[in-house]
Amino acid sequence: MSTLRISRTHFPVTALGPGLRLGIWVQGCTLACKGCMSQDTWNPVGGTEVEVDDLVVLWRKAVGAGADGLTISGGEPLQQPAALRDLLRAVRRETGLDKDVLLFTGYDETELDEVRRGAADLVDVLVTGRYDVAAPTSRIWRGSANQRMVLRTELARRRYAEYVDHEPESPRLQVGPAGDGGVWIIGVPRRGALPGLTQDLRAMGLPPQNVTWRPSRDSTPTGE
Ligand code: SF4
C-alpha cells in the first residue's frame, strides 16, 4: 500500500483551477525557490503521511459533492512520484476522463526523469517551473512569468485553452482554516498584494499562520 506525505487538503478549492476542485498539497520540496510562500511544505518529514487509498476516498466524496477536478500542489508533488502515480491512476479509474487533474510543479518538463514523467503523464494540465521572484506575472495560476501552463489532453485543451494567456484583473484567492483560529491562503496573490491582505485578515480577526505566510521584505511570495 503506498503512502503520500501531504501538508493539507481542502474542498472546495475555487482559486486554483476551473470549477470546484479537491486540493491536495504535498509535503516536501528541495527546490528552495527564493520568496516561496509555502516554506512550511519544504520539510520532507513534516506534514502527515496518508494512505493513497484514503486520498481516493476523499476524491470520491469530492466528486459526489460536485468536484470538477483535482488540483495537486505543494511542496513538490513530483518528489514523491511513485505514490503520486498510484493516486493518479486510482483517480483515473474512479472517475474516467471528465474530471481534470491540474498539477503544479517546480520542475521544467525537460528535468523529469522516467519515474517523474510516469506520474506527470497522468495529469491533464501541468504548471511547470521554479518560482522566480524577479519575473512577476499577471497570468492566472502562475507565480512568475517563466512558469508554463502545459495542456496535455483533449479535456485540458477544451477546458483550459482560455486560461493559458488569461490575465485577470485581480486573481481569485481563498481563505482556508488553518487551526488555532488562523487562516491560510489558497491561490496565487499578485506581487505586492500580501502586506495589505495580511492587514485586512488581521483586522477581521483571522491572523494568517506564520508557517504559511513568510513574506520577506524584498520579495512577494508565491502561493501555489
Ligand atoms: S515555489 Fe514551489 S517549487 Fe519553489 S520552493 Fe516553493 S514549493 Fe518548492
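Our structure's up above, just so we're on the same page.
Model, not experiment: these values are computed from the prediction.

Caption draft 1: A look at the overall build of the protein. For the protein, the count of helices and strands is five helices and nine strands. Against the compact-globule benchmark of 17 Å for 224 residues, the protein has a radius of gyration of 16 Å, which places it among compact chains. Counting the 224 residues in the protein, one finds 51% classified as buried. Pairs at least 24 apart in sequence give 65% of the contacts found in the protein among residues at least 6 apart. Accessible surface for the protein amounts to roughly 10,200 Å². Of this, 49% is attributable to carbon and sulfur atoms. A distance of 1 Å separates the average location of the 27 positive side-chain charges in the protein from that of its 28 negative side-chain charges.

Caption draft 2: Structural view of the packing of helix H1 (residues 52–64) against helix H2 (residues 81–95). The geometry of H1 relative to H2 is characterised by a closest axis approach of 10 Å and an angle of 35° between their N-to-C directions. H2 is crossed by H1, and the crossing has right-handed handedness. Within the contact between the two elements, H1 uses Val52, Leu55, Val56, Trp59, Arg60 and Val63 and H2 uses Ala83, Asp86, Leu87, Ala90, Val91, Glu94 and Thr95. Here the contact of H1 with H2 is built from residues that sort into nine nonpolar, one polar and three charged.

Caption draft 3: Structural view of the sheet that holds strand S6 (residues 125–128). Judged by pairing direction, the sheet is mixed, and its seven strands sit side by side in the order S3-S1-S2-S4-S5-S6-S7 without closing on themselves. One side of each edge strand has no neighbouring strand; the edge strands of this open sheet are strand S3 (48–51) and strand S7 (148–151). Averaged over neighbouring strand pairs, the angle between their axes works out to 30° when direction is ignored. Taken together, the four bridges between strand S4 (residues 69–73) and strand S5 (residues 100–104) define a ladder with parallel strand orientation. Residue pairing for S5: Ile72 is matched across the bridge by Leu103. Most of the contacts of H1 go to strand S1 (residues 3–13), to which it runs at about 10°, and overall it touches S1, strand S2 (21–26), S3 and S4. Packed on one face of the sheet, H2 meets S1, S2, S4 and S5 and runs near 175° to S4.

Caption draft 4: Focus on the packing of aromatic side chains. The tally for this structure, following the rule as stated, stands at three aromatic pairs. A ring pair is formed by Trp141 and Tyr160, whose centres lie 6.1 Å apart and whose planes are at 65°; its orientation type is edge-to-face. Pair noted here: Trp141 is in the loop between S6 and S7 and Tyr160 is in helix H4 (residues 154–160), with a separation of 19 residues, a long-range link. Comparing Trp141 with Tyr160 shows no difference in burial state: the two are buried. With centroids separated by 6.2 Å and ring planes inclined at 70°, the aromatic side chains of Tyr160 and Tyr163 adopt a geometry described as edge-to-face.

What counts and how
- Within any chain, residue numbers begin from 1 and follow the written order of that chain's sequence.
- Only residues with pLDDT of 70 or above have their local features reported here, since the model is predicted, and side-chain atom pairs are shown and tallied only from 80 upward, although totals for entire chains, interfaces and linings are computed over all residues.
- The side-chain quantities take in all heavy atoms of the structure and omit both hydrogens and water.
- Helix and strand assignments follow DSSP, with helices taken as H or I runs no shorter than four residues and strands as E runs no shorter than two, numbered in order from the N terminus.
- In this treatment the radius of gyration is a C-alpha quantity, and the globule benchmark scales as 2.2 Å times the residue count to the 0.38 power.
- Exposure is judged per residue with a 1.4 Å probe applied to protein chains only, and the accessible area is read against the type maximum: over 50% gives exposed, under 20% gives buried, and values in between give partly exposed.
- In what follows, a contact means two residues having at least one pair of non-hydrogen atoms within 4.5 Å.
- Per-residue accessibility takes into account occlusion by the displayed protein chains alone, with areas from the Shrake-Rupley method and a 1.4 Å probe.
- Neither His nor the chain ends contribute to the count of charged residues, in which Lys and Arg are positive and Asp and Glu negative.
- Charged groups are reduced to one reference atom each: NZ for lysine, CZ for arginine, CG for aspartic acid, CD for glutamic acid.
- Orientation is described by axes fitted as lines to C-alpha atoms, over the contacting stretch for helices, and by angles from 0 to 180 degrees between their N-to-C directions.
- By convention, the crossing between two helices is left-handed when the near helix turns anticlockwise from the far helix through less than a right angle, and right-handed when the turn is clockwise.
- The nonpolar class holds Ala, Val, Leu, Ile, Met, Phe, Trp, Tyr, Cys and Pro. Asp, Glu, Lys and Arg form the charged class, and all remaining residues, Gly among them, are polar.
- For two strands to pair, DSSP has to find at least two bridges joining them.
- In this scheme Phe, Tyr and Trp rings, the latter by its six-membered ring, pair at centre separations within 6.5 Å, and the angle between planes marks the pair as stacked below 30 degrees, edge-to-face above 60, and tilted otherwise.

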